[in-house]
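Residue-level listing of the chains:
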Amino acid sequence: MSAKIRTRMGDGELVAMSPSEIREDIAVGTRDAAGKAGIPELTDEEQERLYEIIADPSRIVSVAPGDEVIVTDDGVPGSLYCGQDDSGAGIPMSRGQATLTYERACAADTVSLGHSDYSFKPVKNVISEETNAYYNISMGTTAPFIYGAQPNLGSYYQPDGPVRNPADLLLGGDVKAAQEAQEEAAEKMRQDILFCGRKLNDVGCEGLNLDTSASGGDADFMGTLQVVSELKEEAPGMPVIVGASGEFVLGMHGEVTFNDKQLAGMYPHDQVKVAEEAGVSIYGVAIGTSTNESLAWNVARSVTFTKAAVSAANIPIHVNVGMGVGGVPMCEVPPVDALTRATKSLVELGKADGL
Amino acid sequence: MTQTTFEEAARSILSGDADAAAAIAKQGLEQGIDPLRLINEGFIPGINEVGDQFGAGRLFIPQLMLSARAMEQATEIINAAFPQQEGIAQGKIVIATVEGDVHDIGKTIVATLFKANGFEVIDLGRDVPTARIIEAAETNNVDIIGTSTLLTTTMTVQKDLEEALKEAGLRDKYKTIVGGAPVTKRWADRIGADAYANDALDGVRVAKELLKGR
């Protein structure tokens, strides 16, 4: 009887699986991704290497020295000063202190600033405070300093915004009105991001992060790509990072396009191509973690999508590896054993340029 | 002839053509096809295919909604052909995204597929307090309470619902189904929910299973 291997489920629960169970989950996970996106499965050799990484008896694993990649953060300074309800440490410090602490004490590759509401719609109202904070803090930072917020198309729909809610319209059977509402909201979103992007560029923004794009579906992605094109025209020196919100673009509208390409249903290897056309500097692939499947299944799936996206891309791919994405379990504090196995696999086998 | 009608029925659902679905339902009944066979072998395979294509990202929400409406039209006509009290109504469910969570795309899809499969659905929307869910269940005399959550921070509200039902002496009156991205079968077992659903189609299957032998 072969020994059981200590591993995790997608919700972080510890489980013991046999080598054959892990190998089977890797095979099924890569097949699932390949079948959905129409991309190649991991080779037998890659699947066996992935098995070795998952089954490694060490608590944490890492890539070989020299193979490390850049890590962009997801609001780490905010995690220092915000409260426990927002998974923060609640330390009494300013945004500037938190940013510099993260950069200098934690040896960060990049640092970031974001409004606590983290969507461009509310940021627009306080943009002068945000640009001033960004400028003052940037005087002390050395690492690339990125300003981030979400396009968040949903914030433009009633009851949170002015546009009729397409979910209500769809339930009423009015598809045309639902599509028009999404187009109207996408235009408002585009204008807000453009406004904020221009103001941030004026204070020397070193990078603008449009985080969790397409969370409101294909119209959200369309508005994001449109505004990136405009910003790249107006401010070619300001890099723009676009992060995805899932492995495929949800077809809430179903018919919107960018450069004549239908966005609904796009998987990462196609997403990155339209991102490139828009002028995106770095694309953040996001692959959802299934809480019902094992770490092996989830990581195999994430690596398969990532490898195809990296292979298709001419720009750097930084894979999202936070809670519930990139094979990382969906729990408040992702276990380090699972996290490091996911990141090592994404870099070593998926060839990710960054995390 | 019967097989052709079944295929046309499935196609009408796949194309989201409510008029065609209604016409085929009437035509099938006029041909003397058993209403139960007409729904089970004609229209349900169509809506199942819609669910599969949606899950694979090959069909999008507007088409899903149109297909669901076509299914509702066909179901209504076939239901009327059953003798009184013997319709294909599957049961009544109250559904909501729990308090503190404003994500409702997934929940709306679930509600749509439940309706398409003959359930009567009371959709309370998003960010719904537990007390309101229970009140709606009582007022509408439902069979099932379904809750959705996308956040790890609001999962616990599903547990609160179980506790509130127990405290009110109502726990055995309803079947409870939990779903949402961070939710698992293990979570459902841990909090004492009757069932876990992985996605919308699974939810319909689980609900039918729960209501068997009522």
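Small disclaimer: the values here were computed from a predicted structure and weren't measured. (Residues numbered from 1 in each chain as written. Chains lettered and ligands numbered in written order. Predicted model: local features only at pLDDT ≥ 70, side-chain atom pairs only at ≥ 80, totals over all residues. Heavy atoms only, no water.)

1. Some thoughts on the pattern of salt bridges
Considering all chains together, one arrives at 31 salt bridges over all chains under this definition. Across the salt bridge formed by Arg301 of chain A and Asp32 of chain A, the nearest N and O atoms sit 2.6 Å from each other. In this pair, Arg301 of chain A sits in helix 11 (residues 295-312) while Asp32 of chain A sits in helix 1 (residues 19-37), placing the two residues 269 residues apart along the sequence. By relative accessible area, Asp32 of chain A is classed as partly exposed at 21%. Between Arg205 of chain B and Asp202 of chain B there is a salt bridge whose closest N-O contact spans 2.7 Å. Placement of both Arg205 of chain B and Asp202 of chain B in helix 9 (residues 200-210) is noted, with a separation of three residues, approximately one turn of the helix. On the basis of relative accessible area, Arg205 of chain B is assigned to the partly exposed category, the value being 48%. (Salt bridge = Lys/Arg side-chain N within 4 Å of Asp/Glu carboxyl O. Helix = DSSP H or I, 4+ residues; strand = E, 2+ residues; numbered from the N terminus. Buried < 20%, exposed > 50% of the residue type's maximum accessible area, 1.4 Å probe, protein only.)

2. As for the domain arrangement of chain B
Residues and elements named next belong to chain B. One can read the domain layout of chain B as domain 1 (2-81) and domain 2 (91-210). On a C-alpha basis, the centroid separation for the pair domain 1 and domain 2 is 26 Å. Of the residues lining the interface, 13 residues belong to domain 1; the matching set on domain 2 comes to 11 residues. In total, about 890 Å² of surface goes out of reach between domain 1 and domain 2, with carbon and sulfur atoms giving 79% of it. On inspection of domain 1 and its partner domain 2, the count reaches zero salt bridges. Joining domain 1 to domain 2, the criterion identifies zero residue pairs in polar contact (both at pLDDT 80 or more). Contributing elements (two or more residues each) for the side of domain 1 that touches domain 2: helix 3 (35-55) and helix 4 (61-81). For the side of domain 1 that touches domain 2, the element with the highest residue contribution is helix 4, accounting for seven residues. (Domains from an automatic or database assignment. Contact = heavy atoms within 4.5 Å. Buried area = accessible area lost by both parts, 1.4 Å probe. Polar contact = N/O pair within 3.5 Å; in protein donor to acceptor, adjacent residues only side chain to side chain.)

3. Focus: the packing of aromatic side chains
In this description, an aromatic ring pair is defined by two values, namely the gap between the centres and the angle between the planes. All names here are of chain A. Taken as a whole and assessed by the stated rule, the structure comprises four aromatic pairs over all chains. Between Tyr134 and Phe145, the aromatic rings sit 4.4 Å apart at their centres with planes inclined by 5°, giving stacked as the arrangement. Here Tyr134, found in helix 6 (residues 127-138), pairs with Phe145, found in strand 4 (residues 145-149); they are 11 residues apart in sequence, far enough to count as distant. The exposure classification of Tyr134 matches that of Phe145, with both residues buried. Here the aromatic rings of Phe248 and Tyr267 are separated by 5.6 Å at their centres, their planes lie at 35°, and the arrangement is tilted. In this pair, Phe248 sits in the loop between strand 6 (240-244) and strand 7 (257-258) while Tyr267 sits in the loop between strand 8 (261-262) and helix 10 (268-278), placing the two residues 19 residues apart along the sequence. Each residue in the set Phe248, Tyr267 and Phe305 is aromatic and connected to the rest through ring pairs, giving one cluster. The lysine or arginine in question, Lys121, covers the ring of Tyr156, its NZ or CZ lying 5.8 Å from the ring centre. (Phe/Tyr/Trp six-rings, centres within 6.5 Å; stacked < 30°, edge-to-face > 60°. Lys NZ or Arg CZ within 6 Å of the ring centre and 35° of its normal.)

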